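# Topology and contacts: notes
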Amino acid sequence: VQAVLVPPRWSPSEVDDLLTATRPVVLLHAGTRPRRTEVPSLDLRSIGPVAVPGRPGVDVAAPSPAELVVPTSGTTARPRLARLPLACLDASAAAWCTVLPPATAWLLSLGLAHVAGLGIVVRAARAGAPVVVPPPDGDLADAIGRGAGPATASTVPPISHISLVAAQLARILDLMGDAPAPAALRAVILGGGPIPPRLVERALAAGWPVWPSYGATETASGVVAADPGMARAHPW
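Residues numbered from 1 in each chain as written. Predicted model: local features only at pLDDT ≥ 70, side-chain atom pairs only at ≥ 80, totals over all residues. Heavy atoms only, no water.

Tallying secondary structure elements over the chain gives seven helices and 11 strands in all. Counting only contacts in the chain whose residues sit at least 6 apart along the sequence, the fraction spanning at least 24 positions is 60%. (Helix = DSSP H or I, 4+ residues; strand = E, 2+ residues; numbered from the N terminus. Contact = heavy atoms within 4.5 Å.)

Here it is as structure tokens:
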């Protein structure tokens, strides 16, 4: 069983092309749907069984997918579709968990329609750590700060791991005035595009545990990373 991920900011024509190429059994959405598709649609705001023509009794909560179809970033060309077996995502997460510091909580700082956001969830599951979802209109700097204190019975554990693109990290540093990272923060994975060496130097100078990385959708997330010590000697 395949699950197809639809980036929420894609235009209707882009989503139509995606559905034509993948022909999913059912489309899950959050209030919007493509202009032209005969695929049965289910609004995620009211999840329940859905009837699929020719497939009576199909329940969207029933079979678990064996692989995901994930669009590539499309930063240099039209997005392609990568088929990622769940075993590959799990293997990537297992490798990351062997090199990263132990996690208490991950911040969902990237979208789930891309492999970097999926990586956050799978790594957290591997580590047995919760995933903290920031408010849709909230700022990541604020979310990091709110999760920086000691855990109590009424709060989530302190955020220890985040994954960012360069623009996000630069904005966080700007908003926080290059203040030191919260003490609970143990790893800031940086990737998803070009990484300016000066940004790495700036973050490390402020005490942020930056891990520059490189990967691709087709490799189920990052495949190369430098820990903060290595990044200090070679800022990417």
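Below, the discussion takes up the environment of Gly222. By the element assignment, Gly222 lies in strand β11 (residues 221–225). Taking relative accessible area as the criterion, Gly222 reaches 18% and is therefore assigned buried. (Buried < 20%, exposed > 50% of the residue type's maximum accessible area, 1.4 Å probe, protein only.)

So, about the pattern of salt bridges. Between side chains of opposite charge, a pair can form when the charged atoms approach closely. Taken as a whole, this structure holds five salt bridges when the rule is applied. Where Glu67 meets Arg83, a salt bridge forms, and the shortest distance between an N and an O atom there is 2.9 Å. With Glu67 in strand β4 (residues 67–71) and Arg83 in strand β5 (residues 81–85), the pair connects residues that are 16 residues apart, well separated along the chain. The class for Glu67 is buried, based on a relative accessible area of 12%. Here the salt bridges share partners, and the residues they tie into one network are Asp174, Asp178 and Arg202. (Salt bridge = Lys/Arg side-chain N within 4 Å of Asp/Glu carboxyl O.)

This brings us to the packing of aromatic side chains. Using the criterion set out here, one finds zero aromatic pairs in the structure. One residue, Arg123, lies across the ring of Trp96, its end atom 4.6 Å from the ring centre. (Phe/Tyr/Trp six-rings, centres within 6.5 Å; stacked < 30°, edge-to-face > 60°. Lys NZ or Arg CZ within 6 Å of the ring centre and 35° of its normal.)

Our next topic: the sheet that holds strand β1 (residues 2–4). Pairing in this open sheet of three strands is mixed, and the strands run β1-β4-β5 from one edge to the other. Where the open sheet ends on each side, the last strands, each with one partner, are β1 and β5. The average angle at which neighbouring strand axes cross in this sheet is 25°, direction not considered. Pairing geometry for β4 and β5, over five bridges, is antiparallel. (Pairing = 2+ DSSP bridges. Axes fitted to C-alpha atoms, helices over the stretch in contact; angles between N-to-C directions.)

Turning next to the confidence of the model for the chain. Per-residue pLDDT for the chain has a mean of 80; in total, 75% of the residues score no lower than 70. Contacts of residues 148–154 to residues separated by more than four positions or lying in other chains number eight contacts, the stretch itself having pLDDT below 50. (pLDDT = per-residue confidence, 0-100.)

Moving on: the environment of Ala226. Mapped onto the fold, Ala226 is located in the loop between β11 and α7 (228–233). Spatially, the C-alpha atoms of Ala226 and Trp211 are 5.4 Å apart, while their sequence positions differ by 15 residues. The residues touching Ala226, leaving out its near neighbours within four places in the chain, are Val210, Trp211, Pro212, Ala231 and Trp236.

To continue, consider the side chain of Ser160. Tracing the backbone shows Ser160 in the loop between α4 (140–146) and β8 (161–164). A distance of 2.8 Å separates the side chain of Ser160 from the backbone nitrogen of Thr104, its partner in a polar contact. Ignoring anything within four residues of it in the chain, the contact list for Ser160 reads Pro102, Ala103, Thr104, Ala105, Ala184, Leu185, Arg186 and Ala187. (Polar contact = N/O pair within 3.5 Å; in protein donor to acceptor, adjacent residues only side chain to side chain.)

At a minimum axis separation of 11 Å, helix α5 (residues 166–175) and helix α6 (residues 197–205) run at an interaxial angle of 40°. In terms of orientation, α5 lies oblique with respect to α6. The handedness of the crossing between α5 and α6 is left-handed. Along its contact with α5, which presents Ala166, Leu169, Ala170, Leu173 and Asp174, the element α6 presents Leu199, Arg202 and Ala203. A per-class count over the contact of α5 with α6 returns six nonpolar, no polar and two charged. (Parallel < 35°, antiparallel > 145°, perpendicular 65-115°, else oblique. Left-handed = near helix turned anticlockwise from the far one by under 90°. Nonpolar A, V, L, I, M, F, W, Y, C, P; charged D, E, K, R; others polar.)

A word on the nonpolar core. A general tendency of soluble globular proteins is for nonpolar side chains to be buried together. Grouped together as the largest cluster of nonpolar side chains are 27 residues, with contacts concentrated most on Leu107, Ile162, Leu164, Leu169 and Trp208. When contributions to this core are tallied by element, the ones reaching two or more residues are α4, β8, α5, β9 (187–190) and α6. In contact with Trp208, other than residues within four places in its own chain, are Ile144, Ile172, Leu173, Met176, Ala179, Pro180, Ala181, Pro182, Leu185, Val188 and Ala203. With 10 residues, the next largest nonpolar core counts Leu108, Ile120, Ile189 and Trp211 among its residues. (Core = buried A, V, L, I, M, F, W, Y, C linked by side-chain atoms within 4.5 Å.)

Now for unusual backbone geometry. One non-glycine residue, Ala220, adopts positive backbone phi at about 60°. Topologically, Ala220 is positioned in the loop between β10 (210–216) and β11.

Side chains of Leu112, Val121, Val131 and Val133 sit close together on the surface and give an oily, nonpolar patch of about 290 Å² of accessible area. Locating Val121 in the fold gives a position in helix α3 (residues 115–127). We classify Val121 as partly exposed; its relative accessible area is 34%. (Patch = residues over 30% accessible without salt bridge, like charges linked within 9 Å, V, L, I, M, F, W, Y side chains within 5 Å. Areas by Shrake-Rupley, 256 points an atom, 1.4 Å probe, with all protein chains shown as cover.)

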